[in-house]
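Coordinate analysis (summary)
This is what each chain is made of:
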Amino acid sequence: MTLVRPADGELAAFAPVDFGAFVRERGAHAPVMQPRMGMSDPAAMRAGLAATKRAAASTVGTITLDSYTRVGDLGAVTEALRQGIALNGYPIVSYPERQTAEVLAGLRGRDFPVQVRHGSPVPQAIFAALIRLRLNATEGGPVSYCLPYGRTPLADSVRNWEESVRRYAALREQGVEPHLETFGGCMLGQMCPPSELVAISVLEALFFHHHGVRSLSLSYAQQTNHEQDVEAVWALRRLAGELLPTENWHVVVYAYMGVYPSTPGGCYRVLGLAAELAARTGSERVIVKTVAESVRIPTVEENVAALEYAAEAADLGRTGTPRMPAGESQTYLEARALVEAVLELDPDPGRALVQAFRRGLLDIPYCLHPDNRGRASSYLDEAGRLCWADLGALPLRHLVRPAGARQVSSSGLLADLSYVRRKFDEECAVLPGGRGLPPEQQRRAIVSSR
Amino acid sequence: MHGGAALVADRRPTVVVSGVASDSHTWNLVFLQLLIEELGYQVVNLGPTVPDELLVEECQELAPALIVLSSVNGHGFQDGLRVAGKLRDCQELAATPLVIGGKLGIGGEQNERQIGELLAAGFDAVFQDGATGLADFQRFINTAAGANRLAGSPGVPA
């Protein structure tokens, strides 16, 4: 396989900025904002990128791929394009390179790097397309893009990711710095206790580094309690600092990925807290969510509004220079115990991860994948903190006294899953001036009421 | 949470819960499993991104009282149309109650025409997120699969 087969001379000569270096520099004082955005129509995709670039916020661009491309069903992409059925993302593997080059032309540059987001346990074709297009920022991971999403055996996903990451890392020989973000801090979107999110994020970053990538970011998805989230992001920063053999890493905070509020006020409040979480912990990047999230795929305008709102909220949320709290928090201790137990299994991080899941040293609550033990479980306490109900075989017995296995009912699960929606929809219903206003004024009312 | 071989000794009728081929969402499936179990069935949960062929094979083997497909990624309409035909082409699944629900298109609610197409393709009912919702689904399962449970044989249409 040829590593770089440029669409034309211009593409071959194109030396994109290092996404990691860019975000670390721009995000040093306030987090860089990023949408989740992918359209199947190239013109719409280009318009979305242009609007992101123009937004009144420090931003980076996103191309999110469609679900058929993610699962490797390229036949379904062709069929949908032929019939004119809109896909839920940009089919980068199926479009000719020139088409994608045109989407990017004049938009991506030293002031506007673009990240490709997918979600595939079989990402070889996607990585090959990125390499040809010199799209040098993407995300994922052998665990986080496998276990939550399907039935691909974890060992296969690890092999696929090893092969892809090595090829991607070889871009460095062409003078292009490839960047990879772990998706491990977002496992299943909700109900995974923060210490395990932190641990998997760090382990995937170590996996990427092991296979040659030197520009890294580590994700953490906002959960259900703000103070617990702050503790978790600091734990992530501390462990990353201790374990990653490179300076070129940053943290990206995802606005809540679970059941989202249904009122505009509730949506903006959750997004505002995600931005504040990043600002308080010195995290360099935020992936935003929009007011449309609970109903449908958002429009470009809704995305821009979310980017601008989050930038404003991060500004307001920052009080002085963030400093890592002294002492080892509970989340840090748990995350470190998980990471150490996994790394002791094998010097190769991929093999270590496969063994860890086999033995239940990593075990994701509610994950249906055949390679997940499914013995660990979690619940929300009265304050909305994510707690362990049952540890299964997780190596945390010296640190955690689990609440004991609880019989989960469908209504109990639904209550936990919709905790954030309920809490923030209700909170915003009583905010002065927060309801009944058009979104623009409403969000200002919410920002100023804090 | 896992289905499969461990459930062989269970005498409750089986319901297959499954995502469709391109949909990677899990929580809808976890919730449906708990809900259907509470209604007195055992559930084999095939999880997200289940290829058509695997869904057909598993259903042929399990001869379930009901097949519940759930999709929230916006491709449920296309994926549902396609797989319904493949399920209905199997003689032993020709009359098995088959339903789909969730967010089936990328533009919010599906229009009447698309629901009609899904029903014509072989679904016995289509449940849309928000519009008809959970109560309708519970009513359906209490009648369709419930009648089937009493009859003790697969294949009572809605």
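Conventions and cut-offs
Residues numbered from 1 in each chain as written. Chains lettered and ligands numbered in written order. Predicted model: local features only at pLDDT ≥ 70, side-chain atom pairs only at ≥ 80, totals over all residues. Heavy atoms only, no water. Helix = DSSP H or I, 4+ residues; strand = E, 2+ residues; numbered from the N terminus. Rg over C-alpha atoms; globule rule 2.2 N^0.38 Å. Buried < 20%, exposed > 50% of the residue type's maximum accessible area, 1.4 Å probe, protein only. Contact = heavy atoms within 4.5 Å. Areas by Shrake-Rupley, 256 points an atom, 1.4 Å probe, with all protein chains shown as cover. Expected span 1.5 Å × (residues − 1). 1 Å grid on protein atoms, 1.4 Å probe; cavity = no way out; pocket = protein on both sides within 12 Å on 5 of 7 lines; lining within 4 Å. Points joined across faces, edges and corners; volume = space filled by probe spheres on them. Nonpolar A, V, L, I, M, F, W, Y, C, P; charged D, E, K, R; others polar. Buried area = accessible area lost by both parts, 1.4 Å probe. Salt bridge = Lys/Arg side-chain N within 4 Å of Asp/Glu carboxyl O. Polar contact = N/O pair within 3.5 Å; in protein donor to acceptor, adjacent residues only side chain to side chain. Core = buried A, V, L, I, M, F, W, Y, C linked by side-chain atoms within 4.5 Å. Disulfide = S-S within 2.5 Å. Pairing = 2+ DSSP bridges. Right-handed = clockwise from strand over helix to strand, strands pointing away.

The name recorded for chain B in an unreviewed UniProt entry is Methylaspartate mutase, from Streptomyces tateyamensis.

If you look chain A up in an unreviewed UniProt entry, it shows as Methylaspartate mutase from Streptomyces tateyamensis.

This next bit is on the overall build of chain A. When its secondary structure is counted, chain A shows 17 helices and 10 strands. For 450 residues, the compact-globule estimate of 2.2 N^0.38 gives 22 Å, and chain A sits close to it at 21 Å. C-alpha atoms of chain A, sized along the principal axes, occupy 60 × 55 × 45 Å. The burial tally for chain A puts 63% of its 450 residues in the buried class. Residue pairs at least 24 apart in sequence account for 74% of intrachain contacts in chain A once pairs closer than 6 positions are excluded. Here chain A displays about 16000 Å² of accessible surface, and carbon together with sulfur accounts for 50% of that area.

All names here are of chain A. The end-to-end C-alpha distance of helix α9 (residues 194-210), which contains 17 residues, comes to 24 Å, matching closely the 24 Å that a straight helix rising 1.5 Å per residue would cover. Judged by how many residues are buried, α9 sits mostly within the fold: 16 of 17 residues are covered. Downstream of α9 by a residue or two, Gly212 has a phi angle that is positive, lying close to 110 degrees.

This paragraph deals with empty space enclosed by the protein. Residues and elements named next belong to chain A. Within this structure, the stated rule accounts for 2 cavities of 30 Å³ or more. Taken as a whole, the largest cavity encloses approximately 60 Å³ of empty space. Lining the largest cavity are Phe14, Pro16, Val17, Arg108, Gly109, Phe112, Pro113, Val114, Leu135 and Asn136. Across the lining of the largest cavity, the residue classes break down as 7 nonpolar, 2 polar and 1 charged.

With that out of the way, let us pick up unusual backbone geometry. A positive phi angle, near 60 degrees, is found at Leu188 of chain A, a position not held by glycine. Position of Leu188 of chain A relative to the elements: it lies in the loop between β5 (179-182) and α9. Owing to a relative accessible area of 10%, Leu188 of chain A belongs among the buried residues under this scheme. With a phi angle near 40 degrees, Ala63 of chain B is a residue other than glycine that sits in the positive phi range. The class of Ala63 of chain B is partly exposed, set by a relative accessible area of 47%.

A word on the interface of chain A and chain B. Taken together, the contacts link 32 residues of chain A with 29 residues of chain B. Summed over both partners, the interface of chain A with chain B comes to about 2600 Å²; 62% of that surface belongs to carbon and sulfur atoms. Seen at the junction of chain A and chain B, the total is 0 salt bridges. Of all the secondary-structure elements, those providing two or more residues to the side of chain A that touches chain B are α4 (67-70) and α15 (410-417) of chain A.

Our focus in this paragraph is the side chain of Thr246 of chain A. All names here are of chain A. With respect to the secondary-structure elements, Thr246 resides in the loop between α10 (226-243) and β7 (249-254). Within the local environment of Thr246, its side chain forms a polar contact with the backbone oxygen of Arg214, the two atoms lying 3.5 Å apart. Leave out the neighbours within four places in its chain, and Thr246 touches His209, Arg214 and Leu216.

This part takes up the nonpolar core. Counting residues in each nonpolar core, the largest one holds 156 residues, and the members touching the most others are Ile92 of chain A together with Ile36 of chain B. Counting residues in hydrophobic clusters, the runner-up holds 23 residues, among them Ile67, Leu69, Phe77 and Leu104 of chain B.

What follows concerns the pattern of salt bridges. Residue and element names in this part refer to chain A. Considering all chains together, one arrives at 25 salt bridges over all chains under this definition. For Arg336, the salt bridge is made with Glu328, and the minimal N-O distance between the two is 3.4 Å. Exposure remark for Arg336: the relative accessible area of 26% places this residue in the partly exposed category. Overall, the relative accessible area of 42% leaves Glu328 in the partly exposed class.

Evaluation of the coordinates by the stated rule reveals 0 disulfides over all chains. Not part of a disulfide, Cys186 of chain A finds its nearest cysteine sulfur in Cys192 of chain A, a span of 11 Å. Judged by relative accessible area, which is 1%, Cys186 of chain A ranks as buried. Between Cys90 of chain B, a cysteine without a disulfide, and Cys59 of chain B, which holds the nearest cysteine sulfur, the sulfur-to-sulfur distance is 8.7 Å.

With that settled, consider the pairing of strand β3 (residues 66-71) of chain B. Along any regular strand, the residues point their side chains to alternate faces of the sheet. All names here are of chain B. The element β3 is extensively covered by neighbouring structure, given that 6 of its 6 residues are classed as buried. Here β3 shows two buried faces, one formed by Leu66, Val68 and Ser70 and the other by Ile67, Leu69 and Ser71. As judged from the 5 bridges shared by strand β1 (residues 14-19) and β3, these two strands associate in the parallel manner. Its bridge partner being in β3, Val15 is matched across the sheet by Leu66. Judged from the 5 bridges that link them, β3 and strand β4 (residues 98-102) form a sheet pairing that is parallel. Paired with Leu69 across the strands is Ile100, a residue of β4. Note on the crossover from β3 through helix α3 (residues 76-88) to β4: the handedness is right-handed.

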